[in-house]
Amino acid sequence: MERNLALVALFAALIAALGLIPKFTLGFGVPITAQSLGIMLCGTVLGSRRGAMAVLLFLLLLALGLPLLAGGRGGLGLFVSPSAGFLFGWPVAAFVTGLVVEKWRGASLAVVAGIASVIGGILVLYVFGVAGLAVTLKKSGYEAALLVVAFVPGDIVKAVLAGVITAALAKARPQSVLSRA
């Protein structure tokens with residue numbers, strides 16, 4: 001139990017640390033950051049439940065005002081900003097990513113974790129992100145979906161990285177990849 005809590009806190013800190021990498025803000029107010037890689041890794045390494053818990057801990061700290069998002073942003077206002085849909089989707093994305101890794105045992109871990117990151121960390125997350133953009137920017141679903149196209153290349157790179165990092169971690173320290181325990 002204590003180990004699980006420590007890992008949840010460690011991965012929440014990983015998401016925060018990835019926020020130190022400079023962001024690139026798009027014209028409609030949503031930045032491109034490295035933090036979505038952290039969301040993917042929460043699922044691929046910790047598994048569905050623990051991964052979602054790590055993200056929820058991060059979001060709680062963010063809501064309390066800690067400046068943990070890229071660019072030093074924090075506070076409740078973020079949850080009504082154009083980024084809100086992505087923030088609300090983060091725990092679901094981590095959960096789905098972890099669930100895919102937990103259930104799919106046939107292929108190499110690098111491939112499974114990479115594909116799981118595309119499914120959970122991109123497709124599922126974009127459903128929330130597009131909905132949030134449509135509501136906050138008063139756009140149609142189609143218009144909001146067109147806005148997120150700018151994220152696709154970078155997110156595919158992050159999904160590949162999540163697969164490679166997860167497989168390398170499993171090779172170096174197999175007991176640390178809880179999604180495969």
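In the block above lies the structure referred to throughout.
Residues numbered from 1 in each chain as written. Predicted model: local features only at pLDDT ≥ 70, side-chain atom pairs only at ≥ 80, totals over all residues. Heavy atoms only, no water.

Section: the overall build of the protein
No. 1: Each helix and strand counted, the protein has seven helices and two strands in total.
No. 2: Ordered by position in the sequence, the α and β elements of the protein form the string α-β-β-α-α-α-α-α-α.
No. 3: Along the three orthogonal principal directions, the C-alpha set of the protein runs to about 45 × 30 × 25 Å.
No. 4: When each of the 181 residues of the protein is scored for burial, the buried share is 48%.
No. 5: Counting only contacts in the protein whose residues sit at least 6 apart along the sequence, the fraction spanning at least 24 positions is 70%.
No. 6: Just so you have it, the protein exposes about 8500 Å², and 74% of that area is on carbon and sulfur atoms. (Helix = DSSP H or I, 4+ residues; strand = E, 2+ residues; numbered from the N terminus. Buried < 20%, exposed > 50% of the residue type's maximum accessible area, 1.4 Å probe, protein only. Contact = heavy atoms within 4.5 Å. Areas by Shrake-Rupley, 256 points an atom, 1.4 Å probe, with all protein chains shown as cover.)

Observations concerning the pattern of salt bridges
Two side chains bearing opposite charge may form a pair once their charged atoms approach each other closely.
No. 1: In total, this model carries one salt bridge according to the counting rule given.
No. 2: The salt bridge involving lysine 158 is made with aspartate 155; its shortest N-O contact spans 3.1 Å. Of this pair, lysine 158 and aspartate 155 both sit in helix H7 (residues 152–172), three residues apart, roughly one helical turn. A single burial state applies to lysine 158 and to aspartate 155, both of which are buried. (Salt bridge = Lys/Arg side-chain N within 4 Å of Asp/Glu carboxyl O.)

Description of the packing of aromatic side chains
Any pair of aromatic rings gets described here by the distance separating the centres and the angle formed by the planes.
No. 1: Summed over all chains, the structure comprises three aromatic pairs.
No. 2: Measuring from centroid to centroid gives 5.7 Å for phenylalanine 79 and phenylalanine 88, while their planes differ by 55°, and the two rings are tilted.
No. 3: The interplanar angle of 65° and the centroid separation of 5.6 Å between the aromatic rings of phenylalanine 86 and phenylalanine 151 together place this pair among those described as edge-to-face. With a gap of 65 residues between them, phenylalanine 86 in helix H4 (residues 84–103) and phenylalanine 151 in the loop between helix H6 (141–148) and H7 connect regions that are remote in the sequence. For the residue pair phenylalanine 86 and phenylalanine 151, the accessibility class agrees, reading buried in each case. (Phe/Tyr/Trp six-rings, centres within 6.5 Å; stacked < 30°, edge-to-face > 60°.)

Focus: helix H5 (residues 109–137)
Given 3.6 residues to a turn, an α-helix orients residues that are three or four positions apart in the same direction.
No. 1: Taking 1.5 Å per residue as the helical rise, H5 with its 29 residues ought to reach 42 Å, and the 39 Å between its terminal C-alpha atoms agrees with that figure.
No. 2: At tyrosine 126, H5 is bent by approximately 35°, the largest bend along its length.
No. 3: Where H5 ends, the next residue or the one after it, lysine 138, has phi of about 55°, a positive value. (Expected span 1.5 Å × (residues − 1). Bend = angle between axes of the 7 residues up to and from the residue.)

Looking at the packing of helix H2 (residues 35–46) against helix H3 (residues 48–63)
No. 1: Interaxial distance between H2 and H3 falls to 6 Å at its minimum, and their mutual angle equals 145°. Read as a crossing pair, H2 and H3 show a hand that is right-handed. Residue-level contacts link Gln35, Ile39, Cys42, Gly43 and Leu46 of H2 to Ser48, Arg50, Gly51, Ala54, Val55 and Phe58 of H3.
No. 2: Taken together, the residues of the contact of H2 with H3 break down into six nonpolar, four polar and one charged. (Axes fitted to C-alpha atoms, helices over the stretch in contact; angles between N-to-C directions. Left-handed = near helix turned anticlockwise from the far one by under 90°. Nonpolar A, V, L, I, M, F, W, Y, C, P; charged D, E, K, R; others polar.)

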